[in-house]
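# Architecture at a glance
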Amino acid sequence: MGGLDIDKVRASFPSLRSGYIYADNAGGSQTAQQVIDNIVDYLSNTNVQLGADYSVGVQSSKRVADGSAAAALLFNAASVGEVGYGPSATMVFENISRAMDGDIKIGDEFIITEEHEANNGPWKRLARRRGAVVKYWHTVPTLEENPYSLAYRTEDLLSLISSKTRLVAITGCSNILGTIYPVEDIVKTVRQRAKEVGAPKVEVSVDCVAYAPHRRIDVQKWDIDYCVLSLYKVYGAHNAAFYIRDQALQSLSSIVHHFLALDDSSKKIQSGGPGYELVHGASGVVPYLLSLTSENSLEASFGAIAQHEHALVQTLLTFLVDRKQYDRGVRIVGESNTDLSRAPTISFVVIGQNGMKSKDIVAAFDKQGGIGIRYGHFYAYSLIMNANPKLDPEDGVVRISLVHYNTVEEVERIVDVLNNVLGQ
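Since the structure is predicted, the reported quantities are computational estimates derived from the model, not experimental observations.

## A few points about the overall build of the chain
- Looking only at helices and strands, the chain has 16 helices and 15 strands in total.
- Relative to its length of 424 residues, the chain is compact, with a C-alpha radius of gyration of 22 Å against a globular reference of 22 Å.
- Judged by the C-alpha coordinates and their principal axes, the chain covers about 65 × 55 × 40 Å.
- Here the chain holds 424 residues, and 56% of them are scored as buried.
- Summarising the internal contacts of the chain: among those between residues at least 6 apart in sequence, 68% fall at separations of at least 24.
- Counting 40 positive and 48 negative side-chain charges, the chain places the averaged centre of each group 4 Å from the other.

Below is the structure:
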């Protein structure tokens, strides 16, 4: 497997020509030129309503269908009938939960994490509507010397599963901790335990928003029922794509207009048309990813991405976990490993006698200019609120989030600024 040609990669993103260092990619990546071209082309030449018989309408419909085919490839879905689009991951999960109303009984149990509220809030609201019970899979510290070295233990998840378990909602990658979770192994273990305790129907929902930029999704191999990603974090525009396993689709109620016969289609939860130009734009994401290696496969491309990002992780974490920084009060939020089980999304706080607010560290970057990082809870509000010692959720953590178009040289510049800021 070949490595990335970083110059070729960066040439695919017009925004990178400015030299600005984008290090808030977990909040949204830059957009590949092919995606931009597709959007402009759609709006310039085929911007009509779908379903018309005239020639431009037919072409428009085909372009939107191409977007569905791209989503099926990104998820590795069995068919395009299992995928669709929505305005955001939060809205898609909410729509799925609404469509589940008729299939939830009083006393059913939902297991959720402390991660992004997109894959938590809809299930909590569904539980309130239907009299279900919410259980929480909490993080625990892994290092005595760092109370923020948070991780999820599979044995803790298994202890929550009972004969009443109906849904398990997890994440593929934490948008704060940066941990990439072995989804296939977790799901296999969950289904085995559910079988042992006699749970008749357990569905698994996976938030892949923070996972999709870094690793290959494989919903079939993972044996999951629901999955969502955000295109604007996978080098596309501001919309989301979703997967619903065909078997799960059959038990969902339609939330679209009553006269539309969509019971066998994922479009039954797609209330209103998606932004057609954005869906066509998404069809540019797959060709971009395939262009990263000569193998012309998404597996090879994501393998090359992982190897390149590994170097970024090593450079930044080596600085942050150095004894000098530890004595300064720097604590990684999450685990400090630099292997392939983590994404280049690295969060930290500065505590102790000379502690610093996260917002002040980011402000120092803003004052210097040329580098964009952020602070906050990043919608993983429960994760920050449950940390002990307590963290202020409004100040949260400093998060530096990188992707494959970032370079080691950019990370070294970030380290230089951090060294100056922390040395004050």
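## Here we look at helix H3 (residues 55-75)
- Here H3 contains 21 residues, and its C-alpha end-to-end distance of 31 Å stays within 8% of the 30 Å for a straight helix at 1.5 Å per residue.
- Within the sequence span of H3, burial applies to Gly 57, Ser 60, Arg 63, Val 64, Gly 67, Ser 68, Ala 70, Ala 71, Ala 72, Leu 74 and Phe 75.
- Count one or two residues on from H3 and you reach Asn 76, which has phi positive near 55°.

## Considerations on the nonpolar core
- Among the nonpolar cores identified, the biggest contains 82 residues, and Phe 75, Ile 176, Ile 217, Ile 224, Leu 229, Tyr 235 and Leu 289 are the most heavily contacted of them.
- Residue contributions to this core peak at six residues, all from H3.
- Non-local contacts of Ile 217, meaning those with residues more than four positions away in its chain, are made with Leu 74, Phe 75, Asn 76, Cys 208, Tyr 211, Ala 212, Trp 222, Cys 227 and Leu 229.

## Some remarks on the environment of Leu 73
- Structurally, Leu 73 is set in helix H3.
- Overall, Leu 73 belongs to the partly exposed group, its relative accessible area being 46%.
- Taking the C-alpha atoms as reference points, Leu 73 and Leu 298, separated by 225 residues in sequence, lie 8.7 Å from one another.
- What Leu 73 contacts, discounting residues up to four positions off in sequence, is Arg 216, Val 286 and Leu 298.

## Looking at the pairing of strand E6 (residues 146-151)
- The buried fraction of E6 amounts to five of the six residues, a majority that puts the element mostly inside the structure.
- With three bridges connecting them, strand E5 (residues 140-143) and E6 associate as antiparallel partners. The partner of Pro 141 across the bridge, within E6, is Leu 150.

## Quick look at the sheet that holds strand E2 (residues 83-86)
- One open sheet accounts for seven strands, arranged E2-E10-E9-E8-E7-E3-E4; its pairing is mixed. Edge positions in the sheet fall to E2 and strand E4 (133-136), since each of these pairs with one other strand and no more. Adjacent strand axes in the sheet meet at a mean angle of 20°, parallel and antiparallel pairs treated alike.
- Sitting on the sheet, helix H5 (residues 121-130) is in contact with strand E3 (109-112), E4, strand E7 (165-171) and strand E8 (203-207), with an inclination near 160° to E3.

## Here's the deal with unusual backbone geometry
- The peptide bond linking Asn 388 to Pro 389 adopts the cis configuration, its omega dihedral lying at 5°.
- Tracing the backbone through its elements, the reader meets Pro 389 in the loop between helix H15 (381-385) and strand E15 (397-401).
- Unusually for a residue other than glycine, Asp 223 sits at a positive phi of about 65°.
- On the secondary structure map, Asp 223 appears in the loop between helix H8 (219-222) and strand E9 (226-230).
- A positive phi is found at Phe 378, a non-glycine position, where the angle reads about 55°.
- Within the secondary structure layout, Phe 378 lies in the loop between strand E14 (374-376) and H15.

## Observations concerning the pattern of salt bridges
- Applying the stated criterion to the full structure yields 24 salt bridges.
- Note that Lys 105 is salt-bridged to Asp 108, the shortest N-O span being 3.9 Å.
- A residue is classified by how much of its surface remains accessible, and Lys 105, at 54% relative accessible area, is exposed.
- Measuring nitrogen to oxygen at the nearest pair gives 3.3 Å for the salt bridge that ties Glu 299 to Arg 216. Linking Glu 299 in helix H12 (residues 298-320) with Arg 216 in the loop between E8 and H8, this pair joins segments that are 83 residues apart in sequence.
- The network of salt bridges with shared partners includes Asp 103, Arg 166, Lys 201 and Glu 203.

## Describing the packing of aromatic side chains
- With the rule as written, the count across this model stands at eleven aromatic pairs.
- Ring centres of Phe 13 and Tyr 288 lie 5.3 Å apart, and the angle between their planes is 80°; on these two criteria the pair is classed as edge-to-face. With a gap of 275 residues between them, Phe 13 in the loop between helix H1 (6-11) and strand E1 (21-22) and Tyr 288 in helix H11 (residues 285-290) connect regions that are remote in the sequence. An identical accessibility class is assigned to Phe 13 and Tyr 288; each is buried.
- For the ring pair Trp 137 and Tyr 152, a centre distance of 4.9 Å and an interplane angle of 50° mean the geometry is tilted.

## As for the sheet that holds strand E12 (residues 345-350)
- Strand order in this open sheet of four strands is E11-E12-E15-E14, and the pairing throughout is antiparallel. Edge positions in the sheet fall to strand E11 (330-332) and E14, since each of these pairs with one other strand and no more. Across this sheet, the average inter-strand angle for adjacent strands is 35°, counted without regard to direction.
- Bridge analysis of E14 against E15 gives three bridges, and the strand direction is antiparallel. When the sheet's bridge partners are listed, Tyr 375 is paired in E15 with Val 398.
- Where H12 meets the sheet, its contacts fall on E11, E12 and E15, and the angle it forms with E12 comes to roughly 10°.

About the cut-offs
Residues numbered from 1 in each chain as written. Predicted model: local features only at pLDDT ≥ 70, side-chain atom pairs only at ≥ 80, totals over all residues. Heavy atoms only, no water. Helix = DSSP H or I, 4+ residues; strand = E, 2+ residues; numbered from the N terminus. Rg over C-alpha atoms; globule rule 2.2 N^0.38 Å. Buried < 20%, exposed > 50% of the residue type's maximum accessible area, 1.4 Å probe, protein only. Contact = heavy atoms within 4.5 Å. Lys, Arg positive; Asp, Glu negative; His and termini not counted. Charge placed at Lys NZ, Arg CZ, Asp CG, Glu CD. Expected span 1.5 Å × (residues − 1). Core = buried A, V, L, I, M, F, W, Y, C linked by side-chain atoms within 4.5 Å. Pairing = 2+ DSSP bridges. Axes fitted to C-alpha atoms, helices over the stretch in contact; angles between N-to-C directions. Salt bridge = Lys/Arg side-chain N within 4 Å of Asp/Glu carboxyl O. Phe/Tyr/Trp six-rings, centres within 6.5 Å; stacked < 30°, edge-to-face > 60°.

Read these as layout, nothing more, since geometry by itself doesn't imply function.
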